[in-house]
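Topology and contacts: notes
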Amino acid sequence: MTHIDAGAELDPVHPVPVPVPARGLTAAEVAERVARGQVNDVPVRSSRSMGEIVRANVFTRFNAIIGVLWLVMLFVAPFQDSLFGYVIIANTGIGIIQEWRAKKTLDSLAVIGETKPTVRRDGVAAPVSTSEIVLDDLIEIGPGDKAVVDGVCVEADGLEIDESLLTGEADPVVKKPGDQVMSGSFVVAGGGALKATKVGREAYAAQLAEEASRFTLVHSELRTGISTILKYVTWMMIPTAIGLVISQLFVKQHGLKDSIARTVGGIVPMVPEGLVLLTSVAFAIGVIRLGRKQCLVQELPAIEGLARIDTVCLDKTGTLTEGGMDVTELRPLQGADESYVRKVLGALGESDPRPNASLQAIIDAYPDVEEWRCTESLPFSSARKYSGASFSEGNGESSTWLLGAPDVLLEADDPALAETGRLNEQGLRVLLLARATGDLDAPEAARGARPTALVVLEQRLRPDAADTLRYFAEQDVRAKVISGDNAVSVGAVAAKLGLNGRTVDARRLPSAPEEMAKSLEEGTVFGRVTPQQKRDMVGALQSRGHTVAMTGDGVNDVLALKDADIGVSMGSGSEATRAVAQIVLLNNSFATLPSVVAEGRRVIGNITRVATLFLVKTVYSVLLAILVVCWQVEYPFLPRHLTLLSTLTIGVPAFFLALAPNKERARPHFVRRVMRYSIPGGVVAAVATFVTYLIARHYYVGEGSLDAETSAATLTLFLISMWVLAIIARPYTWWRIVLVASMGVAFLFVLFVPWLQHFFALKLVGVTMPWVAVGIAAVAAATLELLWKWVDRRVPA
């Protein structure tokens, strides 16, 4: 095999060999660098720090508004009118606790899923934690390994590095001793060693990582939609609040304290502060639930993204099949001696220090022959589809052998291909052993190779794969199997798992994106796909408006994982795939995916559902304030009334509804879908409540009339809000009925228990006006039903 001089080191600035021990650093040298602080001490940032969590939940725009109003109310009004402030404290506390729990889950899973690089010290190679690497450490790398620090290559054996995550260039770069290796790049073929030249925050990848925190909701359509809604609410709130202040303080000229209390009562319900909290809590609980199933969510929006997928691209190896394989048959060709072929296969197995699953099966089946010596090796590459090695056979003979895909190594008319096809149709994997006539490093090393034997391998199907594919079919998510293996073989494996459809050889796919997209729509199983094609296929599907998830565990999946809407990696996969995937299945179980999809659908569907509750309140609060200013009357509610209504018709029910099961696939246009219900609901509630209030103003006269008017208006608003809740809670289950009914019983409790009547300043006076309030609420509820049915028909979601 190819190695550089054991006594040479390469200076990163001037790549000229200088003396260095290939044994790596000594224990004393490591200790010396640790003492100097030359350690790769970049913390694993899987989530926000506790301080950031507290700041993010406490110092919000709406907490500031509510906080100021709360302080004002503490000085000018009874304790009951300050209750909304305590609700904010409780909500913020819940948000902090839930996110802290999610942080603990993420951090513990990140440690479990962390890969330990192999470092050579005192001549011994051993895995160490990424944070324990020191400057000048000698780090061994092989296929699938990611460079965790910047370094310079000191050993290379057919080493090919993919720097696409850093440069965007898809083609692997061949590295020779003296070449720079950037952190964040990964090995696609060959092996070698690099000497760490930059560690910690000086490393390139660490600098990139600090610019983007993993724990972010910025790219979430849900979060972006809520932010958009809140921005408009703020702009509406400011002029409305100013008008309300002027109206209550200067026009009506009631007592200062009472005017301030009613002004605050009009401003507070405009703030949908609970919506932001509930979204954070729902996401955090989603992370915790998935964490219990050994699923690491590296970016929170991934939960939402996977809920929106309509196409999932599956890599066969490691996803539908287990990593291990078994050799079931050896078929010599052209009269080759079977015992000699076994020796060749044993030597080939020994020539690769980092065998893939196929070669590992061959190693298990055919032991190495001591007298054979490897003089040169060519590592397997998913782009080439074969590996190879040259040997000195011990008897003075030398030979060069290739092992790879028969349809790549053989001519199209070779009779061995027909036999290969029959085996592929049974779902078996076939490798061809061929004797090369030229040099291994020749551009077309396979040209003229003489076929010697077929190696038949059987893949182990994942026992849970069939159930998972059935789940996706039931959920209207289309599965596409994309593999580098022979198309017929892949199609047979898919058929065994119940996934039927057109099988396509990717080498015959059109390169034009539009034509490729059409072929992808028609096909189900794709074989002989190159890494670049996987990436192009994901892009082609996205061009047709599909939301695409990609699963994989090998280096050849990295580009596609990176470009897919959601990348899902197996925990046992290469470090490179885990680095780019948003979701890592630490238990390597494909069967966990339905749980992730279901969790995302639960979160998105329920937040969309309860957002309507919050925004109906915002709309009716703004509209009521405008009506009060226009009619120049007292604001009908004190803060305590709206605190009671918000708690019973929004706060408590929303918490339970946000955590309920929900299997509906998440749909786009969150803002439009929420506002098309919230605006008519809020307008109907505001108009009906204000009509009741105006009628009550004419009905009640004398001392205490304002309290009676407020109680009648509160009754109407509560009944309408309850009807909105009843619509949102559909379809009904026993616990949803209990939830809605218990909120109604709680309100009746307040109306009929004397001390609660006094506490919330609610007392229905007489019989006529309360029944008028109920009648108006009933008309409003019927109007609401008709309006929402009309919206469903006329306003698309």
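Anything mentioned here points back to the structure above.
For the structure given in this document, a descriptive report is provided here. As a convention, each chain's residues are numbered from 1 in the sequence order in which they are written. For this predicted model, a pLDDT threshold of at least 70 governs which residues receive local features, and a threshold of 80 or more governs which side-chain atom pairs are given and counted, while totals over whole chains, interfaces and linings are taken from all residues. Only hydrogens and water are set aside; all other atoms, that is, all heavy atoms of the structure, feed into the side-chain values.

1. As for the packing of aromatic side chains
Centres within 6.5 Å make a pair out of two Phe, Tyr or Trp rings, where for Trp the six-membered ring is used; the pair is then stacked when the planes are under 30 degrees apart, edge-to-face when over 60, and tilted otherwise. The final tally for this structure, using the stated rule, is 13 aromatic pairs. Relative to Tyr693, the ring of Phe690 has its centre 6.2 Å away and its plane inclined at 55 degrees; by these criteria the two rings are tilted. With Phe690 and Tyr693 both in helix H23 (residues 670-699) and three residues apart, this pair spans about one turn of that helix. You'll find Phe690 and Tyr693 in the same group, each marked buried. Each ring, one from Trp755 and one from Phe759, has its centre 6.5 Å from the other, and the planes form 70 degrees; the classification is edge-to-face. With Trp755 and Phe759 both in helix H26 (residues 754-760), this residue pair falls four residues apart, about one helical turn. Only protein chains enter the accessibility calculation, which uses a 1.4 Å probe. A residue is then buried if its area is under 20% of the maximum for its type, exposed if over 50%, and partly exposed in between. We classify Trp755 as exposed; its relative accessible area is 59%. By relative accessible area, Phe759 is classed as partly exposed at 22%. The ring of Tyr232 has Lys231 sitting right over it, with the charged end atom 5.6 Å from the ring centre. Only DSSP runs of H or I reaching four residues or more are called helices, and only runs of E reaching two or more are called strands; each is numbered from the N terminus. Two conditions define a charge sitting above a ring: the NZ of Lys or the CZ of Arg must be within 6 Å of the ring centre, and it must be within 35 degrees of the ring normal.

2. Some words on the pattern of salt bridges
What makes a salt bridge here is a side-chain nitrogen of Lys or Arg within 4 Å of a carboxyl oxygen of Asp or Glu, nothing more. The tally for this structure, following the rule as stated, stands at 27 salt bridges. Between Glu155 and Arg120 there is a salt bridge, and its shortest N-O distance comes to 2.8 Å. Of this pair, Glu155 sits in strand S6 (residues 150-162) while Arg120 sits in strand S3 (residues 118-121), and the two are 35 residues apart along the sequence. Take Glu155 and Arg120: they sit in the same class, and that class is buried. Residue Arg528 is joined to Asp407 by a salt bridge in which the shortest nitrogen-to-oxygen separation is 2.9 Å. Here Arg528 is found in the loop between strand S20 (523-527) and helix H18 (531-543), whereas its partner Asp407 is found in helix H13 (residues 406-409), with 121 residues between them in sequence.

3. Observations concerning the sheet that holds strand S23 (residues 583-585)
The eight strands lie next to each other as S10-S23-S22-S21-S11-S18-S20-S19, forming an open sheet whose pairing is mixed. The two strands at the open ends of the sheet, each matched to only one other strand, are strand S10 (295-297) and strand S19 (502-505). Pairwise comparison of adjacent strand axes, ignoring direction, gives a mean angle of 20 degrees for this sheet. In what follows, a contact means two residues having at least one pair of non-hydrogen atoms within 4.5 Å. All axes here are fitted lines through C-alpha atoms, helices being fitted over the stretch that makes contact, and every angle between N-to-C directions spans 0 to 180 degrees. Lying over the sheet, H18 contacts strand S11 (311-314), strand S18 (478-482), S20 and strand S21 (548-552), oriented at roughly 160 degrees with respect to S21. Should DSSP find at least two bridges between two strands, the strands are regarded as paired.

4. Some thoughts on the pairing of strand S15 (residues 398-404)
Along S15, six of the seven residues are buried, which leaves the element largely enclosed by surrounding structure. Judged from the seven bridges that link them, strand S14 (residues 386-392) and S15 form a sheet pairing that is antiparallel. Bridged to Ala389 within S15 is Trp401. As judged from the four bridges shared by S15 and strand S16 (residues 429-435), these two strands associate in the antiparallel manner. Counted as the bridge partner of Leu403 is Leu433 from S16.

5. Describing a negative patch on the surface
Patch membership is restricted to residues that have no salt bridge and whose relative accessible area is over 30%. Joining uses 9 Å for like charges and 5 Å for the nonpolar side chains Val, Leu, Ile, Met, Phe, Trp and Tyr. Values of accessible area rely on a 1.4 Å probe in the Shrake-Rupley scheme; residue burial ignores everything except the protein chains shown. Think of it this way: Lys and Arg go in the positive column, Asp and Glu in the negative one, and His and the chain ends go nowhere. To locate a charge, take NZ of a lysine, CZ of an arginine, CG of an aspartate or CD of a glutamate. Residues Glu350, Asp368, Glu370 and Glu371 make up a contiguous surface patch of negative charge. Within the element layout of this structure, Asp368 appears in the loop between helix H12 (357-365) and strand S13 (373-381). Under the relative-accessibility criterion, Asp368 is labelled partly exposed at 32%.

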